[in-house]
Structure formats: C-alpha cells, structure tokens
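Okay, here's what each chain looks like letter by letter:
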Amino acid sequence: MNGAQALMKTLVDAGIEVCFSNPGTSEMHFVAALDDEPKMRAVLALFEGVATGAADGYARMADKPAATLLHLGCGLGNGLANLHNARKGKVPVVNIVGDHAIDHVKYDAQLQSDIETVARNVSPGFVRTSQTTAELCKDAVDAITTARGLPGQVATLILPADVSWGEGGSPSVVPKQVESPTAGDSAIQAAVDAVRSGKKTALLLGGRALREPALMAAAKIAAAKGVKLLAETFPTRIERGEGLPPVERVAYLAELAGVQLADIDHLILVDSKAPVSFFAYPGKKSYLVPDSCTVHTLSSPEQDAQGSLEKLAGALGADKAQPELQQLQRPSAPRGRLSAPKVCKAVGHYLPENAIIIDEAITSGLMLNAMTAGSPRHDMIALTGGAIGQGLPNAVGAAIACPQRPVIALIGDGTAMYTIQALWTMAREQLNVTTIIFNNASYSVLNIELERVGAEEVGDKAKSQLDLNGPVLNFAQLAQGMGVHGVRVDTAEAFNHALDYALSQPGPHLIEAMVPESLSGLKRKILPWVLRSLPSLPVSVTRTLKNKIAP
Ligand SMILES: Cc1ncc(C[n+]2csc(CCOP(=O)(O)OP(=O)(O)O)c2C)c(N)n1
Ligand SMILES: [Mg+2]
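As a starting point, this report considers the structure included with it. (Residues numbered from 1 in each chain as written. Chains lettered and ligands numbered in written order. Predicted model: local features only at pLDDT ≥ 70, side-chain atom pairs only at ≥ 80, totals over all residues. Heavy atoms only, no water.)

Protein-derived coordination of the magnesium ion (ligand 2) comes from D413 (OD), N440 (OD1) and S442 (O), at a distance range of 2.0 to 2.1 Å. Read in sequence order, the donor residues for the magnesium ion (ligand 2) give the motif D-x26-N-x1-S. Placement of D413 in helix α16 (residues 413-416) and of N440 in the loop between β16 (433-439) and α18 (444-452) is noted, with a sequence separation of 27 residues between them. The exposure classification of D413 matches that of N440, with both residues buried. (Donors = N, O, S within 2.8 Å, 3.2 Å for Na, K, Ca; no water. Helix = DSSP H or I, 4+ residues; strand = E, 2+ residues; numbered from the N terminus. Buried < 20%, exposed > 50% of the residue type's maximum accessible area, 1.4 Å probe, protein only.)

Now the structure itself:
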C-alpha cells in the first residue's frame, strides 16, 4: 500500500465516507486511491469554499466529519471562510491538504507557501504536516480524534506528495470516542440555586443543546420552574417546529438582544457563550449581559449538554414535567406583489415534513423564524461565524448527509455570489435542494450598518460599494448555466407555484425571488433612531418593537 491508499482506508474505517475535493497535482495519489475504496464518496467542488462549506453542512447533519481534499496553502486559503464558520459552530471537519514532496520545499517553487500558518487560524487544535509514509495513518488518527471530540473541531492534516506516494503505508484504527462528562455537582448546584432564587432566570442554549433530547430536558425545566429558554443567535443546527419546544433566539441587533436580556437576573449557559454584540459601535456596549445579571455555566462545549440538562431537570424535580410543545400552525399562502416576508410566509406554508432549512437570507430572512415556527418539524442551520457564502455549500453537504430529506436554502443575492459554484455540484450529484435567492440588488444589511456605525455624509461612491444594481444579476440564468432548473418570479402566486413544483420534483431547483429590500426608505431611516431610543422606553413597549422588527 502507498501512503494515500492507507490513509483512505484509515478514513473509511473511522466512518469518514465522503470527501469534498478540489485537487491539484500534489493530491494525485490521493485522487487515484479513491478508486481502491468503494466506501469513500468523492464529491467535486469547483471552488474550495464550496468544498469546506459542504463538509461543514454534512457534519452538522450527519453528526460525523467528512474529509476535504485541498490543494496546498492557496487551496486551503480559498476554503478558509467556511472553515471559520465550521470552527465557530464547533463542527468537525478533517482537512487533507496536499503539499509538495518534502525535498521539493527548499526550491520555493511557484505553489510553495506556509500551509501550517494558514491552517492554524481555523484548526487551532490540530495542524500537522505528516513526515513519513509509515507514520501517516497515526497522524490521521490524531486528526480524526481531535475533529470528532467534544467540541467538534476543524483538524488539518498536511500531506506531502512523497508521503502520499511512498510505499509502506499501514492503516490505523481510530479508537472509540470517549464519553464526554456531564456538568459537575457544583455547576448543577449553582444552577439549582439560581432557578430556586425566585429571580428571573434563563437558560441560554447553544451548540448541541439545541437538539431534540436536550431541548426536551430544557423545556421541562422551563415548564416546571418558569425558566425562560433562549437560543444563541446563529445556531449550528436547531431542531424546531411542530412537536418540539419553541425557543426564542437572541436577536442579531444588539439593541434588540438587550431588550430580550433586560430583566434577566440569572443567565445559565449551556454549550453557549454569554452574548456579545457582533461588532462594536461607537458609544455602545459590546457585552450584552446586563450588569445586574449573574452568569452561570451549566455545561461547557467540552461537556455533554443533553446529559447536563437532564441532570439539572432531575435535581429540580422537573424531569416528569410536561414541556410546552409547538402546535402545527402554518401561515396562509401569500398573495400579490412579492416581498421577502412573503417568501418566508410561503416557505412556512409549504414546508415539507423533516426539511432542512439553511438560513443565509440576511435581511430578507427577518420573518423566517416567525413564519416557520409552527411548520412541521425541521432543522435550521444558521451562519455561525458570520462569514457569508456558507449557505449554498452547506446545502450540498446537508443533502448528501440526508438524501431522504428536502433541503431548502434561503440565500441573499450578495451572499450567493461568494460560492455560487455550489449549484454545479448540486446538479452533478442530483441533490434534493431548493435554493431560494432573494434578489434585492443590494448588500442591504450594510446600508443599515452604515447608518448604525454613525457614518455621516454618505456619498455616491460609498453607496455604490453596497449596491448590486448594475448590472443586476440573473440567478435563474446562472442556475441554468450550471445545470440547475431555475426560475425568476416577482409575484407571490408565481413564487408559491414555483416552490410547490420544486418541492415535488427531485433534484436541485433554484427560485429567484425579485424582492424590494426588507428595510429601505423610511424604515431604514428610522431604524437607528428606534434602536437608540430603546433603553429609555418602558419594557412592554420595547418588547412590542422588538417583535415588530425581528420576531
Ligand atoms: C466573508 C465575508 N465577507 C464580507 C462580509 C460582509 N458582509 C456582511 S453581509 C454582506 C452583504 C449581504 O448581502 P446580501 O446577501 O445581498 O443580503 P442583504 O443584505 O441584501 O439582505 C456583506 C458583504 C461578511 N460578513 N463575510
Ligand atoms: Mg441583497
């Protein structure tokens, strides 16, 4: 066996069965080894950001890592933004990055670069350049073990071409995962004391705490003890809809998050971080927890969130409580001229059982949560690291992980263009993905941010940096050019029809929704003013405003 063949066997024996690849010459032995291993599915991506984002989406749904195959430092660099999103989401990914043969490095050939430095940003827990064919699979075992531990991590194994082609490779077995500990006695006691204090207490659920079993335990605590349930702003994967406990997500806009957190005295973290604002704004606080609130950690990302919540429910005598569960309650089908909220409404109306929703709709998705809250049960995936271009690749990976489940990806037009090549992979692999692009011809959110950061005197040159109006992109045509059935619609009736059709036909579809910006004109002008005045308004008024802007 050569190194590449032994590595391939090590990967599939560890349950890594999909490789999202964009190879080059230094990876050719690994590519050749794919033919020797029927259990490894190889999926070609036409840009590394698609490969890495697909690996992320796959792992979020399969609960195990995929491999990526990337070409040296430049290929890894192209895939970095989506590896960043995976890292922030605590998602396991095993990167295999080809490198020059060890003796070739000293010549500083064209593609020579410092791969380890590129990798460290997204793989703080594991970056290693394998030095010998004999040791390669031991290195792979360490990479896989790191990636799939708790929390999940991005692990990067750099594979020099001669280590790959050398003879004497020997597959290694990855040891069984060790079980993660649950919350210790003192953490449980602190949470019990907080809940029993009679003060307003909330559980802030993140990461693995947003899956059904953990949510059920949390909802029992909520039902028995009047504790509020909050979810982190951008969940890696949240299970929701009919029959599951409803959870309020912490808002993206810091001012609105402030409204949600205002009266909380005890905030108990479960696989989550205390909320901070996305960016700093002049004169505003970055840390969003009120000064009067005490933060407790029930379980850290290294611990078992579900087990910890069940332990807490037991300690509170809440384990037999009846949790509040969401009833089926779909919105009606929208009518008239198309808008972003109407698209979200149609998604809520038509959402099939067991769908996977990928939300990268940015400002067009403001109503998505509310409109799908009472739809049949589904998973929702969000932009964990804020680096746009995640959604289309995630859809590829999620559809490969769950071929029986419909995937619906809602994507902003600006965002879509980062990794538009994902459509080609959807067509090639015939994936059941319905992509909805919100064509508002704008980086709309940045127009809002421009006002929020307090930039004065905005001129044409500045505005042109946020405007996609010339030329207007045609996503239906882009889709067709990549082998995906695509339609462009501008009425709700046409959208309903297109969505119904896409969901009933296998394979990928794209619907381009021509919509105005959700927040434009007067709404955009008064938003910063409303946000600024929130702290001085009565709580009941601020709640109403919050629910109007971002329910
Ligand atoms: C990798 C990366 N580059 C740039 C940004 C900055 N950014 C945030 S949102 C955005 C534009 C989003 O536009 P679009 O998808 O059209 O959504 P809209 O604002 O119109 O709703 C940009 C460029 C980012 N978050 N990540
Ligand atoms: Mg846009």
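We are not done yet, so read on.
For the rest of this paragraph, the subject is the environment of L328. Here L328 is to be found in the loop between α12 (305-315) and α13 (340-350). The class for L328 is partly exposed, based on a relative accessible area of 47%. C-alpha of L328 to C-alpha of G241: the two residues are 87 residues apart in sequence and 7.6 Å apart in space. Residue contacts for L328: discarding those within four places in its chain leaves E242, G374, S375 and P376. (Contact = heavy atoms within 4.5 Å.)

What follows is about the sheet that holds strand β9 (residues 238-240). What the seven strands build is an open sheet, ordered β9-β14-β13-β15-β16-β18-β17; its pairing is mixed. Each edge of the sheet is formed by a strand with only one pairing partner; in this case those strands are β9 and β17 (485-489). Each strand axis lies, on average, 20° off the axis of its neighbour in the sheet, ignoring direction. For strand β13 (residues 355-360) and strand β14 (residues 378-381), the ladder comprises four bridges, and the chain directions are parallel. (Pairing = 2+ DSSP bridges. Axes fitted to C-alpha atoms, helices over the stretch in contact; angles between N-to-C directions.)

With that settled, the discussion passes to the environment of K176. You can see K176 is positioned in the loop between α8 (161-165) and α9 (185-196). Relative accessible area serves as the criterion here: at 77%, K176 is assigned to the exposed category. For the pair formed by K176 and A14, sequence separation is 162 residues and the distance between their alpha carbons is 9.1 Å.

So, about the pattern of salt bridges. Evaluation of the coordinates by the stated rule reveals 23 salt bridges. For R237, the salt bridge identified is with D379, shortest N-O distance 2.7 Å. Linking R237 in the loop between β8 (228-231) and β9 with D379 in strand β14, this pair joins segments that are 142 residues apart in sequence. Comparing R237 with D379 shows no difference in burial state: the two are buried. (Salt bridge = Lys/Arg side-chain N within 4 Å of Asp/Glu carboxyl O.)

So, about the sheet that holds strand β1 (residues 18-21). Pairing is parallel across the open sheet formed by six strands, whose spatial order is β2-β1-β3-β4-β6-β5. Each having just a single partner strand, β2 (41-44) and β5 (127-129) make up the two edges of the open sheet. Along the sheet, successive strands turn relative to each other by an average axial angle of 20°, direction set aside. Where β5 meets strand β6 (residues 154-160), three bridges bridge the pair, whose relative direction is parallel. Residue V127 lies in a different strand from β6, and its bridge partner there is T156. Most of the contacts of helix α7 (residues 133-147) go to β6, to which it runs at about 165°, and overall it touches β4 (93-99), β5 and β6.

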